[in-house]
Amino acid sequence: MLKAKILFVGPCESGKTVLANFLTESSDITEYSPTQGVRFESCWPALMKDSHGVVIVFNADTPSHLKEIDMWYSCFVQQQLLQDAQCLLIAHHKPGSGSDKGNLSLSPHLNKLKLVHSNLEDDPEEIRMEFIKYLKSVINSVSESRDREEMSIIN
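Residues numbered from 1 in each chain as written. Predicted model: local features only at pLDDT ≥ 70, side-chain atom pairs only at ≥ 80, totals over all residues. Heavy atoms only, no water.

Caption draft 1: Broad picture of the overall build of the protein. Assigned secondary structure in the protein consists of five helices and four strands. Starting at the N terminus and walking to the C terminus, you meet the elements of the protein as β-α-α-β-α-β-α-β-α. Expressed as a percentage of the 155 residues in the protein, the buried residues total 37%. Summarising the internal contacts of the protein: among those between residues at least 6 apart in sequence, 78% fall at separations of at least 24. (Helix = DSSP H or I, 4+ residues; strand = E, 2+ residues; numbered from the N terminus. Buried < 20%, exposed > 50% of the residue type's maximum accessible area, 1.4 Å probe, protein only. Contact = heavy atoms within 4.5 Å.)

Written out as structure tokens, the structure reads:
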């Protein structure tokens, strides 16, 4: 059985835990409670070790998040030498905020990433289907990489 390590990263209060719990069917959506572990940058290298993909979650309705996601991309994707296909960008819309899917002013390298709008109130299954497509892509990549590694050992 193939396993893939996918990191959910992004600015505080962007919806990472709610989305991760929803996508893994771990729990129902509850009131906000900050996740403590992600605040300690000194732990990031240990978290990133052996990761196969990164999901960058940001609140599309918070202008400061648009500026912050460049840093998350740099730290968790570029510095780890991951391919853009191993990254998924989720513009999360919190309940009651509406789901304005208008043009976001993303930097040029973020514009190359797959961008998905998430609204668990209006269309929860859309984000689930997009995440499953992303996960399949990452698992295929892991499988191909493992096959190449095995063939290099055999030869």
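Caption draft 2: Region of the structure containing helix α5 (residues 124-154). Under the 1.5 Å per step criterion, the end-to-end length of α5 is 45 Å for 31 residues, consistent within 8% with the ideal 45 Å. Packed against the buried residues of α5 are β1 (6-9), α1 (16-23), β2 (53-59), β3 (87-92) and β4 (114-118). (Expected span 1.5 Å × (residues − 1).)

Caption draft 3: Broad picture of the pattern of salt bridges. Here the structure, examined in full by the defined rule, presents four salt bridges. Between R128 and E125 there is a salt bridge, and its shortest N-O distance comes to 3.2 Å. Of this pair, R128 and E125 both sit in helix α5, three residues apart, roughly one helical turn. A salt bridge links K133 to E130; the shortest N-O distance between them is 3.5 Å. Within this pair, K133 and its partner E130 are both found in helix α5, separated by three residues, close to a single helical turn. Residue K133 is classed as exposed on the basis of its relative accessible area, which comes to 52%. Take E130: its relative accessible area is 15%, and that puts it in the buried class. Via salt bridges that share partners, K114, E130 and K133 belong to a single interconnected network. (Salt bridge = Lys/Arg side-chain N within 4 Å of Asp/Glu carboxyl O.)

Caption draft 4: Just the side chain of H65, in detail. Turning to its location among the elements, H65 is positioned in helix α3 (residues 63-78). One polar contact links the side chain of H65 to the main-chain amide nitrogen of N59, over a distance of 2.9 Å. Residues contacting H65, with those up to four places away along its chain left out, are P11, C12, E13, S14, F58 and N59. (Polar contact = N/O pair within 3.5 Å; in protein donor to acceptor, adjacent residues only side chain to side chain.)

Caption draft 5: Focus on the packing of aromatic side chains. Counted under the stated rule, the structure contains five aromatic pairs. Ring plane angle 40 degrees and centroid distance 5.0 Å describe the contact between W44 and W72, whose orientation is recorded as tilted. Of this pair, W44 sits in helix α2 (residues 44-48) while W72 sits in helix α3, and the two are 28 residues apart along the sequence. Each member of the pair W44 and W72 is classed as buried. Ring geometry for F131 against Y134: centres 6.0 Å apart, planes inclined by 45 degrees, an arrangement best described as tilted. With a gap of three residues between them, F131 and Y134 both fall in helix α5, about one helical turn apart. (Phe/Tyr/Trp six-rings, centres within 6.5 Å; stacked < 30°, edge-to-face > 60°.)

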